[in-house]
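Chain by chain, the residues:
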Amino acid sequence: MPTLPPSPWIVRHAPLLRAGGSVLDVACGSGRHVRWLQQRGHTVFAVDRNAEALAGLRDVAQVQVADLEAGPWPYGEQTFDAVVVTHYLWRPLLPRIVQAVAPGGFLLYETFALGQASLGKPSNPEFLLRPGELLDAVRPALRVLAYEDGFVPSPHPAYVQRIVAVREAPDACASDRYNLAT
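What you see is a predicted model, and the numbers here were worked out from it, not measured in a lab.

### Here we look at the overall build of the chain
For step 1, the next point in the chain: Each helix and strand in the chain was counted, giving five helices and seven strands.
For step 2, the next point in the chain: Ordered by position from N to C terminus, the α and β elements of the chain give α-β-α-β-α-β-β-α-β-α-β-β.
For step 3, the next point in the chain: On C-alpha atoms alone, the chain measures out to a radius of gyration of 16 Å, which is about the 16 Å that the 2.2 N^0.38 rule sets for 182 residues.
For step 4, the next point in the chain: The dimensions of the chain, computed from C-alpha atoms along their principal axes, are 45 × 35 × 30 Å.
For step 5, the next point in the chain: Going through the 182 residues of the chain one by one, you find that 46% of them count as buried.
For step 6, the next point in the chain: Of the contacts formed within the chain by residues at least 6 apart in sequence, a portion of 55% connects residues at least 24 apart.
For step 7, the next point in the chain: Roughly 9,300 Å² of accessible area belongs to the chain as shown, and the carbon and sulfur atoms make up 53% of that amount.

### Structural notes on the pattern of salt bridges
For step 1, the next point in the chain: Summed over the entire model, instances satisfying the criterion amount to seven salt bridges.
For step 2, the next point in the chain: If you follow the salt bridges from partner to partner, you end up with Arg 12, Glu 110, Glu 148 and Arg 162 in one network.

### Quick look at unusual backbone geometry
One can expect most non-glycine residues to show negative phi and most peptide bonds to be in trans.
For step 1, the next point in the chain: Cis geometry marks the peptide bond from Lys 121 to Pro 122; its omega dihedral reads -5°.
For step 2, the next point in the chain: Within the fold, Pro 122 resides in the loop between β5 (101-112) and α5 (133-138).
For step 3, the next point in the chain: Non-glycine residue Ala 27 carries a positive phi angle of around 55°.
For step 4, the next point in the chain: Relative to the helices and strands, Ala 27 resides in the loop between β1 (22-26) and α2 (32-39).
For step 5, the next point in the chain: Phi is positive for His 87, which is not a glycine, with a value near 55°.
For step 6, the next point in the chain: Counting through the fold element by element, His 87 comes out in the loop between β4 (80-86) and α4 (94-99).
For step 7, the next point in the chain: The class of His 87 is partly exposed, set by a relative accessible area of 46%.

### Notes on the packing of aromatic side chains
For step 1, the next point in the chain: Applying the stated rule across the entire model yields five aromatic pairs.
For step 2, the next point in the chain: The rings of Phe 45, Trp 73, Tyr 75 and Phe 80 are connected pair by pair, giving a single aromatic cluster.

### Describing the sheet that holds strand β2 (residues 43-48)
Within a sheet, each strand pairs with its neighbour through backbone hydrogen bonds, oriented either parallel or antiparallel.
For step 1, the next point in the chain: Across the sheet, which stays open at both edges, the seven strands sit in the order β3-β2-β1-β4-β5-β7-β6 with mixed pairing between neighbours. At either margin of the open sheet sits one strand with a lone partner, and together these are β3 (62-65) and β6 (143-152). With direction set aside, neighbouring strand axes in the sheet form an average angle of 10°.
For step 2, the next point in the chain: One ladder, built from seven bridges, connects β5 with strand β7 (residues 158-166); its direction is antiparallel. If you follow Tyr 109 over to β7, its bridge partner there is Ile 163.

### Side note on the layout of surface pockets
For step 1, the next point in the chain: Space inside the second largest pocket adds up to approximately 360 Å³.
For step 2, the next point in the chain: Lining the second largest pocket we find 21 residues, and of these Pro 8, His 87, Glu 110, Pro 155 and His 156 sit closest to its centre.
For step 3, the next point in the chain: Contributing elements (two or more residues each) for the lining of the second largest pocket: α1 (8-13), β5, β6 and β7.
For step 4, the next point in the chain: Residue composition of the lining of the second largest pocket, by class: eleven nonpolar, five polar and five charged.

### Some points on the nonpolar core
Inside soluble globular proteins, nonpolar side chains tend to come together where they are buried.
For step 1, the next point in the chain: Counting 30 residues, the largest nonpolar core has Leu 24, Val 26, Trp 73, Val 83, Ile 97 and Tyr 109 as the members making the most contacts within it.
For step 2, the next point in the chain: Of all elements in the fold, only β1, β2, β4, α4, β5, α5 and β7 reach the threshold of two or more residues within this core.
For step 3, the next point in the chain: Here Tyr 109 is in contact with Trp 9, Val 85, Tyr 88, Leu 89, Leu 94, Ile 97, Leu 134, Gln 161, Arg 162 and Ile 163, once residues within four sequence places are set aside.
For step 4, the next point in the chain: Counting 24 residues, the second-largest nonpolar core is a separate cluster that includes Leu 17, Cys 28, Ala 61 and Val 164.

About the criteria used
Residues numbered from 1 in each chain as written. Predicted model: local features only at pLDDT ≥ 70, side-chain atom pairs only at ≥ 80, totals over all residues. Heavy atoms only, no water. Helix = DSSP H or I, 4+ residues; strand = E, 2+ residues; numbered from the N terminus. Rg over C-alpha atoms; globule rule 2.2 N^0.38 Å. Buried < 20%, exposed > 50% of the residue type's maximum accessible area, 1.4 Å probe, protein only. Contact = heavy atoms within 4.5 Å. Areas by Shrake-Rupley, 256 points an atom, 1.4 Å probe, with all protein chains shown as cover. Salt bridge = Lys/Arg side-chain N within 4 Å of Asp/Glu carboxyl O. Phe/Tyr/Trp six-rings, centres within 6.5 Å; stacked < 30°, edge-to-face > 60°. Pairing = 2+ DSSP bridges. Axes fitted to C-alpha atoms, helices over the stretch in contact; angles between N-to-C directions. 1 Å grid on protein atoms, 1.4 Å probe; cavity = no way out; pocket = protein on both sides within 12 Å on 5 of 7 lines; lining within 4 Å. Points joined across faces, edges and corners; volume = space filled by probe spheres on them. Nonpolar A, V, L, I, M, F, W, Y, C, P; charged D, E, K, R; others polar. Core = buried A, V, L, I, M, F, W, Y, C linked by side-chain atoms within 4.5 Å.

See below:
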């Protein structure tokens, strides 16, 4: 099965990430973002419950087989320069994902939202974000830089919610700005 290209949302906002920084890809599956981020010089940590999918990533990332929905968070208090999540939602894990973002680090998150059931899977509301849910999950701990909630026609038609947020460093000041991609 061919590897899918990285999400345009992740590609668009990856220039925000610190060069050579540590990136955690949560529920990474076959590793489309793991490989892409590693090729750009990041130290990548990959976690998923599918050991078979992770086996192909051992040469490019520090892999961790873990059932994020039934077991403990495998990274303890460890933080990362960026946390990437795509096509995954387990609400009890949202606070841990936010906590894993280091000071000065970023959260890049994109997953399905209500409305998706009209197009196919996932259709269970437990796996579809409600309006504004990602905003509520990250604030006030993180500063929101970009947020979208709606329909995207490509690369596959979907209802999505996506966010880019930063945990501002303790020495950040009001004049700090982030170079957003155009």
